[in-house]
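Chains, contacts and geometry: an overview
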Amino acid sequence: MAAVAVVGGGVNGVMIAWTLARRGHAVTLYERDALMGATSRASSKLLHGGVRYLENGEFGLVKKALADRAWWLAHAPDPALAHPLSIVWPIYRGARRGRWLMKAGFALYDALAGAAGLGRHRWLTAAALAEGGDGLKREGLRGGYRYVDGQMDDYRLGLWAAGEARNAGVALVEHANVERVGADGAVTLHGETRRFDAVVNAAGPWAERLLAASGLAAGVQLDTVRGSHIVLDRTLSQGYLFEVPGERRVVFVLPWQGGTLIGTTEVRQSPDEAAECSADEEGYLLALYNHYFAAPATPADVVARFAGVRPLIRSAADPNRALRDYRFARHGRLLTVFGGKWTTAPSLAAEAAERLDALLAHR
Ligand SMILES: Cc1cc2nc3c(=O)[nH]c(=O)nc-3n(C[C@H](O)[C@H](O)[C@H](O)COP(=O)(O)OP(=O)(O)OC[C@H]3O[C@@H](n4cnc5c(N)ncnc54)[C@H](O)[C@@H]3O)c2cc1C
């Protein structure tokens with residue numbers, strides 16, 4: 001048994017801590033604020049393979065994420081925390097991605113899910129989509145593909161995982177800002193240094209900051225990209241995924257707690273600034289909704305807004321093309337996590353634990 005410190009109480013830190021405790025280690029998790037208080041509660045609430053990442057050629061990530069999606073759906077203690085969700089990708093005349101390209105994409109998505117699939121994609125005619133009652137604009141609508149992904153309550157599901165970690169023996173320490181970490185297993189808080197057999201830096205968008213504050217070179221660079229959402233006081237029978245007119249981007253419109261969640265955006269920002277949905281982003285998301293739905297929404301229909309900063313691996317000039325997979329970097333007894341989707345936290349945690357065990361074997 002080894003003594004391991006994990007820095008960061010988002011979904012990745014919590015899942016790593018839980019996995020290490022199940023392997024018999026004595027784990028202490030330090031979170032600067034409250035558990036699940038940062039990026040991990042500001043997601044689009046999807047447990048998904050990420051059908052659009054197929055365009056970036058991230059087949060390995062999508063396959064892994066589809067297996068992780070199944071893991072969450074099987075382990076979540078209550079359907080309110082995670083459940084399957086039907087999502088339709090409508091195709092309009094002049095769409096950037098035509099019907100047959102989308103057919104190929106969804107067939108690949110089903111194949112990559114394999115036994116973890118939630119049902120094969122299906123083509124719906126324009127008439128069938130219009131009958132759905134969500135008020136999609138009919139003009140130019142050719143039809144759409146319906147597929148199934150998972151939807152979660154990211155905050156409550158993350159806190160459930162933290163509870164499981166605690167039950168497995170993890171000491172969860174909130175309001176504990178780690179000032180420095182060391183390649184020798186040192187963790188400095190409140191000016192005092194404690195020694196561990198190993199340390200995991202799972203500080204999400206702040207992982208690079210923590211290394212810099214510790215005088216360590218990161219090796220991997222993060223691209224920190226804000227994503228904002230708005231919630232409308234309108235019901236929706238199923239989710240939708242729309243192309244943003246004139247852009248390569250897509251935006252989700254999803255049923256969420258009796259309202260309609262719309263997101264997201266991609267705006268580079270430093271993780272040191274507060275993540276907030278700007279007036280421009282709200283306007284962009286409302287314009288997207290109004291482009292596709294017949295009954296226009298105005299700022300008066302917006303009942304909530306939230307934003308988070310994605311920790312992406314810096315890999316492209318356009319953040320939309322940035323890789324969504326995660327990476328690890330090692331400095332002696334310190335393992336740092338870069339990136340990682342909410343959905344893939346179980347795989348990331350298993351891989352981190354393998355690396356930690358290999359590192360500890362050479363103590
Ligand atoms: C807008 C948006 C939408 C998204 N949608 C989805 C989605 O639908 N599905 C999906 O799978 N993924 C989604 N993601 C990605 C996913 O939310 C993140 O990749 C994931 O939550 C990152 O988790 P994390 O634990 O690495 O980071 P975080 O949740 O940010 O956790 C890091 C924690 O470290 C703490 N910390 C930082 N520095 C210190 C320190 N020095 N000492 C102690 N603690 C520290 C922070 O307070 C924070 O709580 C989305 C992300 C965004 C921004």
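Residues numbered from 1 in each chain as written. Predicted model: local features only at pLDDT ≥ 70, side-chain atom pairs only at ≥ 80, totals over all residues. Heavy atoms only, no water.

Next up on the list: the environment of Gly143. Positionally, Gly143 belongs in strand 6 (residues 141–152). For Gly143, a relative accessible area of 0% translates into the label buried. For the pair formed by Gly143 and Arg93, sequence separation is 50 residues and the distance between their alpha carbons is 9.7 Å. (Helix = DSSP H or I, 4+ residues; strand = E, 2+ residues; numbered from the N terminus. Buried < 20%, exposed > 50% of the residue type's maximum accessible area, 1.4 Å probe, protein only.)

For the protein chain, the assigned domains read domain 1 (3–40 + 155–221 + 323–361) and domain 2 (57–149 + 222–319). Centre-to-centre separation of domain 1 and domain 2, based on C-alpha positions: 29 Å. Domain 1 puts 29 residues into the contact, and the matching count from domain 2 is 29 residues. For the domain 1 and domain 2 pair, buried surface summed over both sides reaches about 2700 Å², with 63% attributable to carbon and sulfur atoms. In this assembly, domain 1 and domain 2 are joined by three salt bridges. With a shortest N-O distance of 3.1 Å, Asp325 and Lys64 are connected by a salt bridge. Across the contact surface, domain 1 and domain 2 share 14 residue pairs in polar contact (both at pLDDT 80 or more). When contributions to the side of domain 1 that touches domain 2 are tallied by element, the ones reaching two or more residues are helix 1 (11–22), helix 5 (154–167), helix 6 (207–213) and helix 8 (345–361). For the side of domain 1 that touches domain 2, a count of residues per class yields 15 nonpolar, eight polar and six charged. (Domains from an automatic or database assignment. Contact = heavy atoms within 4.5 Å. Buried area = accessible area lost by both parts, 1.4 Å probe. Salt bridge = Lys/Arg side-chain N within 4 Å of Asp/Glu carboxyl O. Polar contact = N/O pair within 3.5 Å; in protein donor to acceptor, adjacent residues only side chain to side chain. Nonpolar A, V, L, I, M, F, W, Y, C, P; charged D, E, K, R; others polar.)

One pass over the structure, following the stated rule, counts 17 aromatic pairs. Plain terms: the ring middles of Phe106 and Tyr147 are 4.8 Å apart, the flat faces sit at 40 degrees to each other, and that makes the pair tilted. Of this pair, Phe106 sits in helix 3 (residues 99–113) while Tyr147 sits in strand 6, and the two are 41 residues apart along the sequence. Measuring from centroid to centroid gives 4.5 Å for Tyr289 and Phe293, while their planes differ by 15 degrees, and the two rings are stacked. Overall, Tyr289 belongs to the buried group, its relative accessible area being 5%. A network of ring pairs unites the aromatic residues Trp89, Phe106, Tyr109, Trp123, Tyr145 and Tyr147 as a single cluster. Against the face of Trp18 rests Arg22, its NZ or CZ located 4.8 Å from the ring centre. Here Arg32 stacks its cationic end above the ring of Trp206, 4.5 Å away from the centre of that ring. (Phe/Tyr/Trp six-rings, centres within 6.5 Å; stacked < 30°, edge-to-face > 60°. Lys NZ or Arg CZ within 6 Å of the ring centre and 35° of its normal.)

In this section: the site of the ligand. The environment of the ligand is made up of 38 residues, and the closest members are Glu31, Thr39, Ser40, Gly340 and Thr343. Within the backbone of Arg32, one N or O atom sits 3.0 Å away from a nitrogen atom of the ligand. About the coverage of the ligand: the protein hides 97% of its 1000 Å² of free accessible area. Counting only elements with at least two residues in the shell around the ligand, the list comes to helix 1, strand 12 (222–232) and strand 17 (302–313). It is strand 17 that contributes the most residues to the shell around the ligand, four residues altogether. Both of domain 1 (3–40 + 155–221 + 323–361) and domain 2 (57–149 + 222–319) provide at least three residues apiece to the shell around the ligand. (Near = heavy atom within 4 Å. Areas by Shrake-Rupley, 256 points an atom, 1.4 Å probe, with all protein chains shown as cover.)

UniProt records the feature "domain: FAD dependent oxidoreductase" (unreviewed entry) for residues 4–355 in the present numbering. Secondary structure content for residues 4–355 is 27% helix and 31% strand, while the C-alpha to C-alpha distance between its ends is 13 Å. (UniProt positions renumbered as here; feature names shortened; annotations may be inferred.)

The subject of this paragraph is the pairing of strand 4 (residues 82–92). For strand 4, the buried fraction is high: eight of the eleven residues fall into the buried class. Relative to strand 6, strand 4 runs antiparallel, the two sharing eleven bridges. Paired with Ser86 across the strands is Val148, a residue of strand 6. As judged from the two bridges shared by strand 4 and strand 13 (residues 239–243), these two strands associate in the parallel manner. Within strand 13, the position partnered with Ile87 by the bridge is Gly239. (Pairing = 2+ DSSP bridges.)

In this model, the second largest pocket occupies a volume close to 310 Å³. In terms of lining residues, the second largest pocket is bounded by 19 residues, among which Tyr92, Arg93, Pro245, His291 and Tyr292 are the most central. The element best represented in the lining of the second largest pocket is strand 4, accounting for four residues. Its residues assigned to classes, the lining of the second largest pocket comprises nine nonpolar, four polar and six charged. (1 Å grid on protein atoms, 1.4 Å probe; cavity = no way out; pocket = protein on both sides within 12 Å on 5 of 7 lines; lining within 4 Å. Points joined across faces, edges and corners; volume = space filled by probe spheres on them.)

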